[in-house]
Amino acid sequence: MSLALLGGQKCITESFTRYQSIGKEEKDAVLKVMEGGVLSQFLGCWDPDFYGGSYVQKFEKDWVMFFKTKHAVSVNSNTSGLIAALGAIGIEPGDEVIVSPWTMCATATSIIVWNAIPVFVDIEPDCFNLDIQAVERAITSKTRAIIVTDIFGHSADLDELMKIAHKYDLKVIEDCAQAPGALYKGRYVGTNSHIGVFSLNYHKHIHTGEGGVCVTDDPIFAERMQLIRNHAEAVVEDKKVSNLCNMIGFNFRLTELQAAIGIEQLKKLNGFIESRQKAAIMLTEGLANLEGLRLPVVKKNCTHVYYDYPMIIDVKKIGVSRKIIVEALKAEGIPNIGEGYQLIHLLPMYQQKIAFGKNGYPWNSKDHDCGVSYNKGICPVAEKLHFETYLGIEFCTYNMTSNEVQAYIRAFQKVWKNLDALKIY
Ligand SMILES: *Cc1c(COP(=O)(O)O)cnc(C)c1O
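Residues numbered from 1 in each chain as written. Predicted model: local features only at pLDDT ≥ 70, side-chain atom pairs only at ≥ 80, totals over all residues. Heavy atoms only, no water.

A.B. asks: Tell me about the sheet that holds strand E12 (residues 337-339), and please be specific about residues and values.
C.D. replies: Strands sit in the order E10-E11-E13-E12 across an open sheet of 4 strands; the sheet is antiparallel. Only two strands of the sheet have a single neighbouring strand rather than two, namely strand E10 (293-294) and E12. Direction of pairing for strand E11 (residues 308-313) relative to strand E13 (residues 390-394): antiparallel, over a ladder of 5 bridges. Counted as the bridge partner of Ile312 is Tyr390 from E13. Docked against the sheet, helix H9 (residues 256-287) engages E10, E11 and E13, running at close to 20 degrees with respect to E11. (Pairing = 2+ DSSP bridges. Helix = DSSP H or I, 4+ residues; strand = E, 2+ residues; numbered from the N terminus. Contact = heavy atoms within 4.5 Å. Axes fitted to C-alpha atoms, helices over the stretch in contact; angles between N-to-C directions.)

Laid out in structure tokens, this is it:
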């Protein structure tokens, strides 16, 4: 059969069903909150309601129990959670924070918000997480923290990273937006660093529309995140908080409606993950014979929750560019496949070093010598993946039923059978 890209018949005719994690339980829970009339119960002063309403507090308790952590602080997004976490650890203007360029932009923006300086460090090509040796090489006298993303649903090597953090007295914040429920050495992702930050955004495994949760075993970090979440500057005096560093308050509060949804979503998390893992295993079996296509790596002692299904193509071996492969797969009817991922250091804000105001703050300030480079070439592994070899399926967009996975397999097999025709395309 000839390829759809070359005028043949599409091999996928079925339509894919949008991933839907919300059911009757969430609907009923929301209705109950609506009937009570209290849609949010936070007060931005030192009062019992400083901690939010009963649903928010129950949601946080459930999160603590599930993830086996000491404290959970709900917030209105992972972005807000990262900002609260960095504020809590006492980031100062001009501090350097090491971060991956291969993550969502907010991971690095949270650093800028505190007038600190993101330092982008390259990733490793197996699971696309921070390269631990490169992290150590990038540490300077200004480095104060590392934000590590458990990208695509697979943990970074947190034990090794924490060793380096202890050696240099750094704090580690884990962005686990894409990896809720993934395991690292039997422990949940997010609980192997100083603070873990989850997302409850619509695109993630479980969601509340928008939302997030920070977890930590440290009571001081937890308290400071609660303060930053809810108008710190108006609370510190009555709460008798003496450390005023970064006690700038925001409104990062989750509503009772969202918390009620979150309580139900959390109960379903393991089931959702299992079905995604089953789909990924089926896909991996179906693609295993394709030359020059590297399928997801799952490291020893880790589980993968497949927010994305990451692949690498060996362009030399197959003799066809990634662009044409993706065009051919899309033409067959695959809806959610993408070339490359993210290179945050190449965004205009970093290229021009313009964030607050027009004069280059925070880079251009007496707090920092501004020597940090965001030039193309600073992260060669991530850049090669992005520009040439990485191929990813957004695995949380559709349900990935076994029929849908079989359709993917058909399309890949067909394209690979017809590589010769693509070589002359
Ligand atoms: C989705 C995502 C975020 C942002 O989460 P929000 O809840 O939308 O703020 C941050 N980091 C990563 C890695 C993400 O995937």
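Resuming the write-up.
A.B. asks: Tell me what's going on with unusual backbone geometry, and back it up with residues and numbers.
C.D. replies: Following Tyr361, the chain continues to Pro362 via a peptide bond in cis, the omega torsion being 10 degrees. Note on placement: Pro362 falls in the loop between helix H12 (348-352) and helix H13 (380-389). Phi at Phe152 takes a positive value of approximately 65 degrees, unusual for a residue other than glycine. Structurally, Phe152 can be placed in the loop between strand E4 (143-149) and helix H6 (158-168). For Phe152, a relative accessible area of 1% translates into the label buried. In the Ramachandran plot, Asp169 falls in the positive-phi region, its phi being about 60 degrees despite a non-glycine side chain. The exposure class assigned to Asp169 is exposed, which follows from its relative accessible area of 61%. (Buried < 20%, exposed > 50% of the residue type's maximum accessible area, 1.4 Å probe, protein only.)

A.B. asks: Describe H6, and please don't skip the residues or the numbers.
C.D. replies: Every buried residue of H6 is accounted for by Leu158, Leu161, Met162, Ile164 and Ala165. For H6, the angular spread of the buried residues around the axis is 160 degrees, confining them to a single face. Facing away from the buried side of H6 by over 90 degrees, the exposed positions are Lys163, His166 and Lys167. Elements that come into contact with the buried residues of H6 comprise helix H5 (132-138), E4, strand E5 (171-175) and strand E6 (183-184). Backbone geometry just downstream of H6 places Asp169 in the positive-phi region, at approximately 60 degrees. (Arc of directions from axis to C-beta.)

A.B. asks: Please set out the layout of surface pockets residue by residue, giving values where relevant.
C.D. replies: When its volume is computed, the largest pocket comes out at roughly 550 Å³. Forming the walls of the largest pocket are 30 residues, and the residues nearest its centre are Met104, Gln178, Lys204, Tyr307 and Tyr341. Among the elements of the structure, helix H3 (78-88), helix H4 (105-113) and E13 are those that each provide at least two residues to the lining of the largest pocket. Of all the elements, E13 adds the most residues to the lining of the largest pocket, at 4 residues. By residue class, the composition of the lining of the largest pocket is 9 nonpolar, 15 polar and 6 charged. (1 Å grid on protein atoms, 1.4 Å probe; cavity = no way out; pocket = protein on both sides within 12 Å on 5 of 7 lines; lining within 4 Å. Points joined across faces, edges and corners; volume = space filled by probe spheres on them. Nonpolar A, V, L, I, M, F, W, Y, C, P; charged D, E, K, R; others polar.)

A.B. asks: Before we move on, could you go through the site of the ligand and cite the residues and values that matter?
C.D. replies: For the ligand, the set of nearby residues contains 14 residues, the closest of which are Thr79, Asp175, Gln178, Ser199 and Lys204. Here Asn78 contributes a backbone N or O atom positioned 2.9 Å from an oxygen atom of the ligand. With respect to the ligand, the side chain of Lys204 contributes an N or O atom lying 3.0 Å from an oxygen atom. Starting from 380 Å² of accessible surface for the ligand in isolation, the protein chains cover 92%. Its atoms largely coinciding with the cavity grid, the ligand occupies the largest pocket. Looking at the shell around the ligand, its residues break down into 2 nonpolar, 10 polar and 2 charged. (Near = heavy atom within 4 Å. Polar contact = N/O pair within 3.5 Å; in protein donor to acceptor, adjacent residues only side chain to side chain. Areas by Shrake-Rupley, 256 points an atom, 1.4 Å probe, with all protein chains shown as cover. Sits in = over half its atoms within 2 Å of the grid points.)

A.B. asks: Explain the packing of helix H2 (residues 54-67) against H9 residue by residue, including any values.
C.D. replies: Interaxial distance between H2 and H9 falls to 7 Å at its minimum, and their mutual angle equals 20 degrees. When the axis of H2 is compared with that of H9, the two are roughly parallel. Note on packing geometry: the crossing formed by H2 with H9 is left-handed. Residues Ser54, Tyr55, Val56, Lys58, Phe59, Asp62, Trp63, Phe66 and Phe67 of H2 form the contact with H9, whose own contacting residues are Glu256, Ala259, Ala260, Gly262, Ile263, Leu266, Leu269 and Asn270. Here the contact of H2 with H9 is composed, by residue class, of 11 nonpolar, 3 polar and 3 charged. (Parallel < 35°, antiparallel > 145°, perpendicular 65-115°, else oblique. Left-handed = near helix turned anticlockwise from the far one by under 90°.)

These figures capture arrangement, not role.
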